[in-house]
Amino acid sequence: MTAATMKGPVAVEDVVVTFEDQQKINKFARNTSRMTELKNEIESKRKTLQNLQDASDDLMMLDDDSLLIPYQIGGVFVSHSQEETQEMLEAAKEALEQEVKGFEERVSAIQQVLNDLKVQLYAKFGNNINLEADES
């Protein structure tokens, strides 16, 4: 006689995955990937924004107003007065802040879509599907 052993409660149910379900799963995966890309882009923009702020702070500490400050535009450095450089830094910071705000709005919209899909997919598949991000 063979002894059967149980390895804990098994909650695997046979759930049929329809074409629509697969589309929802694919949409969830695409949106998760896009959200990760956007978050990385936001982080990069924030670092650039911090660098611009540091440059602006350093510029304010200069004593000599007659110095020409090199400012990089593309691959070229152009010398400007301290006041012009400060204005250019402020304009660049404002543009970056607007970009970050736009990215954050997109992340928020994607998060709403993901939450809706999670509700639908967990309602159908329960514990048979894992939609949580791996934090590695």
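Residues numbered from 1 in each chain as written. Predicted model: local features only at pLDDT ≥ 70, side-chain atom pairs only at ≥ 80, totals over all residues. Heavy atoms only, no water.

Engineer: I'd love a proper account of the environment of Ala92, names of residues and values included.
Structural biologist: You can see Ala92 is positioned in helix α2 (residues 82-125). Setting aside residues no more than four positions away along its own chain, Ala92 makes contact with Leu52 and Tyr71. (Helix = DSSP H or I, 4+ residues; strand = E, 2+ residues; numbered from the N terminus. Contact = heavy atoms within 4.5 Å.)

Engineer: So, the layout of surface pockets: which residues are in play, and what are the values?
Structural biologist: Taken as a whole, the largest pocket holds about 230 Å³ of empty space. For the largest pocket, the full set of lining residues is Phe28, Thr32, Met35, Thr36, Lys39, Gln111, Leu114, Lys118, Asn130, Leu131, Glu132 and Ala133. At the level of elements, α1 (19-60) and α2 are the ones that each hand at least two residues to the lining of the largest pocket. The dominant element in the lining of the largest pocket, judged by the number of residues it contributes, is α1, at 5 residues. Split into classes, the residues belonging to the lining of the largest pocket amount to 5 nonpolar, 4 polar and 3 charged. (1 Å grid on protein atoms, 1.4 Å probe; cavity = no way out; pocket = protein on both sides within 12 Å on 5 of 7 lines; lining within 4 Å. Points joined across faces, edges and corners; volume = space filled by probe spheres on them. Nonpolar A, V, L, I, M, F, W, Y, C, P; charged D, E, K, R; others polar.)

Engineer: Break down a nonpolar patch on the surface for me, citing the residues and quoting the values.
Structural biologist: A cluster of nonpolar side chains, contributed by Ile73, Val76 and Val78, occupies part of the molecular surface with about 230 Å² of accessible area. Its place among the elements puts Val78 in strand β2 (residues 76-80). (Patch = residues over 30% accessible without salt bridge, like charges linked within 9 Å, V, L, I, M, F, W, Y side chains within 5 Å. Areas by Shrake-Rupley, 256 points an atom, 1.4 Å probe, with all protein chains shown as cover. Salt bridge = Lys/Arg side-chain N within 4 Å of Asp/Glu carboxyl O.)

Engineer: Quick rundown of the pattern of salt bridges? Include the residues and the values.
Structural biologist: Enumeration over the complete set of coordinates arrives at 8 salt bridges. Of the charged contacts, one joins Arg34 and Glu37 as a salt bridge, the two residues approaching to 3.0 Å between their closest N and O atoms. Taken together, the residues Arg34 and Glu37, both in helix α1 and 3 residues apart, mark about one turn of the helix. In this structure Glu37 comes out as partly exposed when scored by relative accessible area, which is 43%. The shortest N-O distance in the salt bridge between Glu90 and Lys93 comes to 3.1 Å. Here Glu90 pairs with Lys93, and both are found in helix α2, just 3 residues apart, close to one helical turn. Here the salt bridges share partners, and the residues they tie into one network are Glu41, Lys45 and Glu99. (Buried < 20%, exposed > 50% of the residue type's maximum accessible area, 1.4 Å probe, protein only.)

Engineer: Kindly report on α1, identifying the contributing residues and their values.
Structural biologist: Taking 1.5 Å per residue as the helical rise, α1 with its 42 residues ought to reach 62 Å, and the 61 Å between its terminal C-alpha atoms agrees with that figure. Buried within α1 we find Asp21, Phe28, Asn31, Met35, Leu38, Ile42, Lys45, Leu49, Leu52, Ser56 and Leu59. As for α1, its buried residues are in contact with β1 (69-73) and α2. (Expected span 1.5 Å × (residues − 1).)

Engineer: Run through the side chain of Gln86, naming residues and quoting values.
Structural biologist: Mapped onto the elements of the fold, Gln86 is located in helix α2. The exposure class assigned to Gln86 is buried, which follows from its relative accessible area of 17%.

In short, shape yes, function no, at least from these values alone.
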